[in-house]
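# Overview (structure and organization)
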Amino acid sequence: MSKDRIKDFLDKQLENLDNFNYKIDEDENHVYAIFSEILGKYTNKELTFKLLDDVLYLHSITYGWKPVEKGVANKYFWLEILNRA
């Protein structure tokens, strides 16, 4: 799994924004972005990513596995990251 691909995706999404802190962890099947700060609020939010056939997917509790790099598909990233529930 490519931690660099997920880091590039996250860096692109958060490019002009401050107050986001995260670390990346991985296991055999998934890469996890663990956020300790989102928009200046301290949190412990974990996002799960996987690569399947060279497509980057994000898992959302509400929407399941969704591709996030093409077109406006990054909306699933923002829905998940800003969801405080």
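Above: the structure in question.
Anyway, here's the lowdown on the structure attached to this text. (Residues numbered from 1 in each chain as written. Predicted model: local features only at pLDDT ≥ 70, side-chain atom pairs only at ≥ 80, totals over all residues. Heavy atoms only, no water.)

### A short note on the pattern of salt bridges
With the rule as written, the count across this model stands at three salt bridges. Here Asp11 makes a salt bridge to Lys7, at a shortest N to O gap of 3.0 Å. In this pair, Asp11 and Lys7 are both assigned in helix α1 (residues 3-13), four residues apart and thus about one turn of the helix distant. Residue classification places Lys7 among the partly exposed residues on the basis of a relative accessible area of 38%. When salt bridges that share partners are traced, they join Arg5, Asp54 and Glu69 into one network. (Salt bridge = Lys/Arg side-chain N within 4 Å of Asp/Glu carboxyl O. Helix = DSSP H or I, 4+ residues; strand = E, 2+ residues; numbered from the N terminus. Buried < 20%, exposed > 50% of the residue type's maximum accessible area, 1.4 Å probe, protein only.)

### So, a negative patch on the surface
Together, Asp25, Glu26, Asp27, Glu28 and Glu46 line one region of the surface with negative charge. Here Glu28 is to be found in the loop between β1 (20-26) and β2 (31-38). Of the residues examined, Glu28 reaches a relative accessible area of 76% and is grouped as exposed. (Patch = residues over 30% accessible without salt bridge, like charges linked within 9 Å, V, L, I, M, F, W, Y side chains within 5 Å. Areas by Shrake-Rupley, 256 points an atom, 1.4 Å probe, with all protein chains shown as cover. Lys, Arg positive; Asp, Glu negative; His and termini not counted. Charge placed at Lys NZ, Arg CZ, Asp CG, Glu CD.)

### Points about the packing of aromatic side chains
Under the definition given, this model contains seven aromatic pairs. Centre to centre, the rings of Phe77 and Trp78 are 5.0 Å apart; their planes meet at 80°, and the pair counts as edge-to-face. Three or more aromatic residues joined by ring pairs make a cluster, and in this case those are Phe9, Phe20, Tyr22, Phe35, Phe49, Phe77 and Trp78. In this structure, Lys50 is placed above the aromatic ring of Trp65, and the distance from its NZ or CZ to the ring centre is 4.4 Å. (Phe/Tyr/Trp six-rings, centres within 6.5 Å; stacked < 30°, edge-to-face > 60°. Lys NZ or Arg CZ within 6 Å of the ring centre and 35° of its normal.)

### What about the side chain of Glu80?
Within the secondary structure, Glu80 sits in helix α2 (residues 75-82). Setting aside anything within four residues of it in sequence, one finds Glu80 in contact with Lys45, Leu47, Leu58, His59, Ser60 and Ile61. (Contact = heavy atoms within 4.5 Å.)

### Observations regarding the pairing of strand β5 (residues 64-67)
Two elements, strand β4 (residues 55-60) and β5, share four bridges in a ladder whose sense is antiparallel. The residue bridging His59 from the neighbouring strand is Trp65, located in β5. Between β4 and β5, which pair antiparallel and follow one another directly, the connecting turn spans three residues. (Pairing = 2+ DSSP bridges.)

### Observations regarding the sheet that holds β4
Strand order in the open sheet formed by five strands is β1-β2-β3-β4-β5, and the pairing between neighbours is antiparallel. In the strand order of this sheet, the two ends are held by β1 and β5, each with one partner. The average undirected angle you get between the axes of adjacent strands in this sheet is 30°. Examined bridge by bridge, β1 and β2 share seven bridges and lie antiparallel to one another. The partner of Tyr22 across the bridge, within β2, is Phe35. This element, α1, spans β1, β2, β3 (41-52) and β4 of the sheet and lies at about 165° to β1. (Axes fitted to C-alpha atoms, helices over the stretch in contact; angles between N-to-C directions.)

Keep in mind these numbers describe shape, not what the thing actually does.
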